[in-house]
Amino acid sequence: MKRLGLAIAVLAILTGVIWIGQGSGYFPYPASSFMISETSWIYRGALLAAVGLVAFVLIARGSRRR
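Cut-offs applied
- Residues numbered from 1 in each chain as written.
- Predicted model: local features only at pLDDT ≥ 70, side-chain atom pairs only at ≥ 80, totals over all residues.
- Heavy atoms only, no water.
- Helix = DSSP H or I, 4+ residues; strand = E, 2+ residues; numbered from the N terminus.
- Rg over C-alpha atoms; globule rule 2.2 N^0.38 Å.
- Buried < 20%, exposed > 50% of the residue type's maximum accessible area, 1.4 Å probe, protein only.
- Contact = heavy atoms within 4.5 Å.
- Phe/Tyr/Trp six-rings, centres within 6.5 Å; stacked < 30°, edge-to-face > 60°.
- Lys NZ or Arg CZ within 6 Å of the ring centre and 35° of its normal.

A. Quick peek at the overall build of the protein chain. Looking only at helices and strands, the protein chain has two helices and zero strands in total. Against the 2.2 N^0.38 benchmark of 11 Å for 66 residues, the protein chain shows a C-alpha radius of gyration of 14 Å, more extended than a compact globule. Summarising its shape, the C-alpha atoms of the protein chain cover approximately 45 × 20 × 15 Å along the three principal directions. Counting the 66 residues in the protein chain, one finds 21% classified as buried. Within the protein chain, counting contacts between residues at least 6 apart in sequence, those at least 24 apart form 49% of the total.

So, in structure tokens, the structure goes:
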């Protein structure tokens, strides 16, 4: 169960970083994406990456205490 939680947290971080890249225009793939150069996706990506990072830390820290 711990591995699944860590994998989901890492996926959230990576997805958030991709959303930031697309929203800022640094990662314009696919070229027809509605997310490219849309500032709202920068904020959504940052939020998702932050949630993923917090989840990762909490899951990793919790597993050491047991």
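B. Local environment of the packing of aromatic side chains. This structure, assessed with the given rule, holds three aromatic pairs. Aromatic pair Trp 19 and Trp 41: ring centres 5.2 Å apart, planes at 80 degrees, arrangement edge-to-face. One end of the pair, Trp 19, is in helix H1 (residues 2-24); the other, Trp 41, is in helix H2 (residues 39-65), with 22 residues separating them in the sequence. Since its relative accessible area comes to 15%, Trp 41 is described here as buried. Relative to Trp 41, the ring of Phe 34 has its centre 5.9 Å away and its plane inclined at 65 degrees; by these criteria the two rings are edge-to-face. One aromatic cluster is present, built from ring pairs that chain together Trp 19, Phe 34 and Trp 41. The lysine or arginine in question, Arg 44, covers the ring of Trp 41, its NZ or CZ lying 4.6 Å from the ring centre.

C. Representation of the environment of Lys 2. Structurally, Lys 2 is set in helix H1. With a relative accessible area of 45%, Lys 2 lands in the partly exposed category. Along the backbone, Lys 2 and Phe 56 are 54 residues apart, and their C-alpha atoms lie at a distance of 9.9 Å.

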